[in-house]
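# Fold and geometry: a report
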Amino acid sequence: FFAPTTPDFAVAMKQALNQINQNSFNNFKLRFGIHQGPAVSGVVGAKKPMFDVWGDTVNIASRMDSTGVEEKIQVTGAVADTLHQEGYTLSERGEVQVKGIGQMNTWFVTAPPHRPVKQSIQ
């Protein structure tokens, strides 16, 4: 299952980091990689249990991050198709060499869909 709101979360993280940078006089940067597909998760370890996630989906998402560009949200073709259907604007980055996969066509998320502004009741 892929939640199309994942890019929204990435944008919120960028905004939060910008606020942190302003208040701490730092210049931290983020890059984001998103892929969708099946994954396996579970707890490993008897003495020091840890939660982990495995699978090609996780590895490809990690590669989208590691081959990405600072301040950008890089996605695979499957994610680009889903986001396009949800109204997001994307720009094609082109082919990227992805370790363990080879050449993969990727996209950058450039704008979220237009959504009506929700007003809070105060």
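Everything that follows concerns the structure shown earlier in this document.
Residues numbered from 1 in each chain as written. Predicted model: local features only at pLDDT ≥ 70, side-chain atom pairs only at ≥ 80, totals over all residues. Heavy atoms only, no water.

Right, let's talk about the sheet that holds strand 4 (residues 73-76) for a bit. Backbone hydrogen bonds hold the strands of a sheet together, and the pairing may be parallel or antiparallel. Spatial strand order, 1-4-6-5: four strands in an open sheet with mixed pairing. At either margin of the open sheet sits one strand with a lone partner, and together these are strand 1 (32-34) and strand 5 (89-98). Along the sheet, successive strands turn relative to each other by an average axial angle of 30 degrees, direction set aside. When strand 5 meets strand 6 (residues 102-111), the two strands line up antiparallel, connected through nine bridges. (Pairing = 2+ DSSP bridges. Helix = DSSP H or I, 4+ residues; strand = E, 2+ residues; numbered from the N terminus. Axes fitted to C-alpha atoms, helices over the stretch in contact; angles between N-to-C directions.)

Here helix 3 (residues 77-85) has its buried residues at Val 79, Ala 80, Thr 82 and Leu 83. Take helix 3 and look down its axis: the buried residues cluster within an arc of 165 degrees, on one side only. With respect to the buried face of helix 3, the exposed residues turned more than 90 degrees away are His 84 and Gln 85. In this fold, the buried residues of helix 3 make contact with helix 1 (6-24), strand 1, strand 4, strand 5 and strand 6. With its phi angle positive at about 100 degrees, Gly 87 sits one or two positions after the end of helix 3. (Buried < 20%, exposed > 50% of the residue type's maximum accessible area, 1.4 Å probe, protein only. Arc of directions from axis to C-beta. Contact = heavy atoms within 4.5 Å.)

Although it is not a glycine, Phe 25 sits at a positive phi angle of roughly 60 degrees. You can see Phe 25 is positioned in the loop between helix 1 and strand 1. The exposed category is assigned to Phe 25, whose relative accessible area is 77%. If you check the backbone angles, Glu 71 has positive phi at about 70 degrees while not being a glycine.

Structurally, the position occupied by Gln 74 is in strand 4. Looking at Gln 74, its side chain comes within polar contact range of the main-chain oxygen of Met 64, at 2.7 Å. At 3.0 Å, the side chain of Gln 74 and the side chain of Thr 67 are in polar contact. (Polar contact = N/O pair within 3.5 Å; in protein donor to acceptor, adjacent residues only side chain to side chain.)

The next thing to look at is the pattern of salt bridges. According to the stated counting rule, one finds one salt bridge in the structure shown. In this structure, Asp 65 engages Arg 31 in a salt bridge whose closest nitrogen and oxygen atoms are separated by 3.2 Å. Of this pair, Asp 65 sits in helix 2 (residues 56-66) while Arg 31 sits in the loop between helix 1 and strand 1, placing them 34 residues apart in sequence. Under the relative-accessibility criterion, Asp 65 is labelled partly exposed at 27%. (Salt bridge = Lys/Arg side-chain N within 4 Å of Asp/Glu carboxyl O.)

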